[in-house]
Amino acid sequence: MYSEATRPILSCAAMTCEMDSVSGPLQILQDINFTLAPRRALGIVGESGAGKSMLVKAIMGIAPKGLKTMGRIELEGQDLLALKPRDRARLIGRKVGIVFQNPMTSLNPFVQIGRQIEEAGCIHMGLSKAEARSRAIELLSFVGLPDPEDCYDYYPHQFSGGMKQRIMIAAALICQPDLLIADEATTALDVTVQKEVLDLLQTIQAERQMSMILVSHNLGVVAGRTDEILVLYGGNVVEYGPTAEVFRNPRHRYTEALLSAMPAMDQPAHTRLRTIPGQPPNLANRPAGCPFAPRCPSAQAICHEVMPPMSAGIHPDHRFACHFPLAELPRPAQQEVAHVQ
Amino acid sequence: MLNSAMPYFRAISTRLITGVLVFLLVTFSATALSSLAPGSAAQLILGDYATPEQIAALNAQYGYDLPVWQRYLSWLGDLLRGDLGVTLFSQQPILGVVLERAAVTFEIAFLAMAVSLIGIPIAMYTASHPNKLGDKVMRSISTVLLAVPTFVIVVLFSYLFAMVLRWFPATGWAKFTENPVANLWYVALPVLCLSMHQTAYLYRVARNEFVTTLQEDYIAVARAKGLPLGYILFHHALRPAMPQILTVMGLSLTYMLAGSFVVESYFAVPGIGWTILSAVKSHDIPLVQAILSLTVVIFVIVFMLVDLGYALIDPRVKVS
Ligand SMILES: Nc1ncnc2c1ncn2[C@@H]1O[C@H](COP(=O)(O)OP(=O)(O)OP(=O)(O)O)[C@@H](O)[C@H]1O
Ligand code: SF4
Ligand SMILES: [Mg+2]
């Protein structure tokens, strides 16, 4: 179907995640569809509770117990849900590197950081002790730690938050993954450090020719750093398309609201975007129609009753689910929109 | 090198000073207690029918008519010289008797502790498969074991293993130095009985510790790295759980030493618990005092080792 060069790194088709609760099964994610091509970067944005982390965890196979994932997730053509958990974990560990939100708790305080960086390499790639060590030290200097040789033997508490996140990035790179996922990787950091780490991620992605998923509640974070953007609302994809296109020409009302409420870089994680009035949807009690309807200023009767289908914009890759989308802007003179840098 | 070892020296010396103070307090209390008993200490030892001459002789030998502080100082002097005199009745050197008996109790306590370590891997397994069958079964077993007092375990086990199955002897003793195999054979039942509570207790604490640790973010990271469960348990979960485990082991050891008389008197094992029991019964004050002192020393050493263990386990604790 695809040639080696264009086969997607990752694709999700009709992916739905359910969690049992006292009030019956909760649909935490509904009908997620996207593909990520080699060397491309995808941004996943949405408010706190939109399901960004769940999406990442369901893909990685590390979702909390009790989460049922349906549909199809393919990593380089491999159907992940068809694999035995152990094989899946090994494949993911080998092919995907992940950096989590909180560098303070993501490193084991009892284990030397050198070991934490190299361990996946030893296990998945059979690196010898010496190879692993030299590779870990190389990565430490690559992510910008001074004195990597000495750092190798240090424990996490001897580093600052930004340094810890750099160490996490180094650990994510040990198996030379094809995909790097950063789930709010900078939200816990100081503003200046945030930018440094984001720039580092972007550089790494370009230099190592990887694909990347950048998860954030902050549109500003993904703006100049991703090729495509996926907007999640209440576990649904409400808009998906080339980043520049979505920024220039948002069609879904929620995306518009997000854009006009674009938070400053220094906003702490998990803060609700106060400028969008109303509450995020209650997953236990989903409205029949558009999930954004209770908060949408443009909602009409049909919005409350019928779930809007995905429709395509003029740009062939731009999709959104809204009954009354914003008007399409006239296309700029040159056909291909340059990526915002 | 010296710099990095410095905090340990300081920590050890603080604990040593505390230990010495506790030691002085306890041994002084032991001396003082013997003069609080009704009548004179010599009277107490020799009984109601002792003649004044006998009492005078005992006082002359042991100084029971002297004030407490004077007796205590002379006892300390004896201790420093390494000669605590002889036991009142069998007239054997006290130090030799105490050390020999203590070795027996130690053997049992350490073996029991070694047996109880089996609780750790079981805890690892059940904590990583919570609320599965194995977890529930182990939880029930440990609850039952903890609810049953040691003397009941002793009676049940000796009935089962010594009378019915006849695997181990019910009573008796052989010195390890004379016949190691027979020694292990005799020691098996006391060790088993003594270890039951410790195993159950250690299992419970370790299981809960592992369950908590397995919810840490760094475990999620390790899982995302695709590391095998066994690797995660041993390389990422064991060390964070170790301080708690170490605390329990330290408490267990002191508990076993303090509670050894139950098992020792039932199985007629010539250990320190059995000895202090008979020494108290026969009012052998010098022997009681020697055993108390040794116990304090051991407790201080155990707690010091536990503290040191914390510092070795947790890189963040650079010793208070
Ligand atoms: N362990 C869990 N059990 C049940 N529901 C959960 C659990 N964890 C998360 N959820 C629910 O899943 C939904 C998605 O949560 P998720 O953590 O993916 O949000 P998020 O978009 O990552 O938000 P944030 O910006 O706060 O990280 C939320 O409604 C949350 O309440
Ligand atoms: S479908 Fe209706 S409610 Fe939903 S975003 Fe569009 S206009 Fe608003
Ligand atoms: Mg999240």
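What counts as what
- Residues numbered from 1 in each chain as written.
- Chains lettered and ligands numbered in written order.
- Predicted model: local features only at pLDDT ≥ 70, side-chain atom pairs only at ≥ 80, totals over all residues.
- Heavy atoms only, no water.
- Helix = DSSP H or I, 4+ residues; strand = E, 2+ residues; numbered from the N terminus.
- Rg over C-alpha atoms; globule rule 2.2 N^0.38 Å.
- Buried < 20%, exposed > 50% of the residue type's maximum accessible area, 1.4 Å probe, protein only.
- Contact = heavy atoms within 4.5 Å.
- Areas by Shrake-Rupley, 256 points an atom, 1.4 Å probe, with all protein chains shown as cover.
- Lys, Arg positive; Asp, Glu negative; His and termini not counted.
- Charge placed at Lys NZ, Arg CZ, Asp CG, Glu CD.
- Expected span 1.5 Å × (residues − 1).
- Bend = angle between axes of the 7 residues up to and from the residue.
- Buried area = accessible area lost by both parts, 1.4 Å probe.
- Salt bridge = Lys/Arg side-chain N within 4 Å of Asp/Glu carboxyl O.
- Patch = residues over 30% accessible without salt bridge, like charges linked within 9 Å, V, L, I, M, F, W, Y side chains within 5 Å.
- Pairing = 2+ DSSP bridges.
- Phe/Tyr/Trp six-rings, centres within 6.5 Å; stacked < 30°, edge-to-face > 60°.
- Right-handed = clockwise from strand over helix to strand, strands pointing away.
- Near = heavy atom within 4 Å.
- Nonpolar A, V, L, I, M, F, W, Y, C, P; charged D, E, K, R; others polar.
- UniProt positions renumbered as here; feature names shortened; annotations may be inferred.
- Axes fitted to C-alpha atoms, helices over the stretch in contact; angles between N-to-C directions.
- Left-handed = near helix turned anticlockwise from the far one by under 90°.

1. Regarding the overall build of chain A
Looking only at helices and strands, one finds twelve helices and twelve strands in chain A. Since a compact globule built from 341 residues should have a radius of gyration of about 20 Å, the 20 Å found for chain A is in line with a globular shape. Reported as C-alpha extents along the three principal axes, the dimensions of chain A are approximately 65 × 45 × 40 Å. Across the 341 residues in chain A, those meeting the buried criterion constitute 54%. Across chain A, the fraction of contacts at a sequence separation of at least 24, relative to all contacts at a separation of at least 6, is 64%. As displayed, chain A has an accessible area near 14700 Å², and 53% of this comes from carbon and sulfur atoms. If you average the places of the 32 positive and of the 34 negative side-chain charges in chain A, the two averages end up 4 Å apart.

2. Digging into helix 9 (residues 180-213) of chain B
Relative to the 50 Å expected for 34 residues at 1.5 Å per residue, helix 9 of chain B spans just 41 Å between its end C-alpha atoms, considerably shorter than the ideal helical length. The sharpest bend along helix 9 of chain B measures roughly 40° and falls at V187 of chain B, with the proline P190 of chain B sitting one to four residues further on.

3. A short note on the interface of chain B and chain A
Listed by partner, the interface residues are 19 residues for chain B and 27 residues for chain A. Here chain B and chain A share an interface that buries about 2100 Å² over both sides, 62% of which is from carbon and sulfur atoms. At the boundary of chain B with chain A, the tally comes to one salt bridge. Two residues, E119 of chain A and K225 of chain B, come together in a salt bridge whose shortest N-O distance is 2.9 Å.

4. A word on a nonpolar patch on the surface
Together, Y159, L160, M163, V164, L165 and W167 of chain B make up a nonpolar patch on the protein surface, roughly 620 Å² of accessible area in all. Of note, Y159 of chain B is situated in helix 8 (residues 150-164).

5. Some thoughts on the pairing of strand 1 (residues 10-21) of chain A
All names here are of chain A. Relative to strand 2 (residues 24-36), strand 1 runs antiparallel, the two being bridged by nine bridges. Along strand 2, the bridge assignment pairs M19 with L26. Connecting strand 1 to the next strand, strand 2, in antiparallel fashion are two residues. With eight bridges joining them, strand 1 and strand 4 (residues 67-75) adopt antiparallel strand pairing. Bridge pairing in strand 4 links C12 to I73.

6. Regarding the packing of aromatic side chains
All names here are of chain A. The tally for this structure, following the rule as stated, stands at twelve aromatic pairs over all chains. Ring centres 6.0 Å apart and planes at 45° place the aromatic pair Y154 and F159 in the tilted group. A residue is classified by how much of its surface remains accessible, and Y154, at 33% relative accessible area, is partly exposed. Among the residues examined, F159 registers a relative accessible area of 12% and is labelled buried.

7. Some points on the pairing of strand 7 (residues 179-183) of chain A
Residue and element names in this part refer to chain A. With five of five residues buried, strand 7 lies mostly within the body of the structure. Side chains L179, I181 and D183 of strand 7 all project onto a buried face; the interleaved residues L180 and A182 project onto the opposite face, where all are buried too. Where strand 6 (residues 96-99) and strand 7 come together, four bridges link them in parallel fashion. If you follow V96 over to strand 7, its bridge partner there is L179. As judged from the five bridges shared by strand 7 and strand 8 (residues 211-216), these two strands associate in the parallel manner. By the bridge assignment for strand 8, I181 is matched with I213. In this region the chain leaves strand 7, passes through helix 8 (residues 191-208) and returns to the parallel neighbour strand 8; the handedness of that crossover is right-handed.

8. Looking at the site of ligand 2
The full set close to ligand 2 counts 13 residues, and C290, C296, C303, C322 and H323 of chain A are the nearest of them. Looking at the shell around ligand 2, its residues break down into nine nonpolar, three polar and one charged.

9. Here we look at the UniProt feature "domain: ABC transporter" (unreviewed entry) in chain A
Mapped onto the present numbering, the UniProt feature "domain: ABC transporter" (unreviewed entry) falls at residues 14-259 of chain A. Counted over residues 14-259 of chain A, helix gives 42% and strand 26%. Its end C-alpha atoms are 27 Å apart.

10. A word on the packing of helix 13 (residues 272-281) of chain B against helix 14 (residues 285-313) of chain B
Helix-helix packing is characterised by the crossing angle of the two axes and by the distance between the axes. Residue and element names in this part refer to chain B. As a packed pair, helix 13 and helix 14 sit with axes 9 Å apart at the nearest point and diverge in direction by 145°. The handedness of the crossing between helix 13 and helix 14 comes out as left-handed. For the pair helix 13 and helix 14, the contacting residues are I272, T275, I276, A279 and V280 in the first and L287, V288, I291 and L294 in the second. Class assignment of the residues belonging to the contact of helix 13 with helix 14 gives a composition of eight nonpolar, one polar and no charged.

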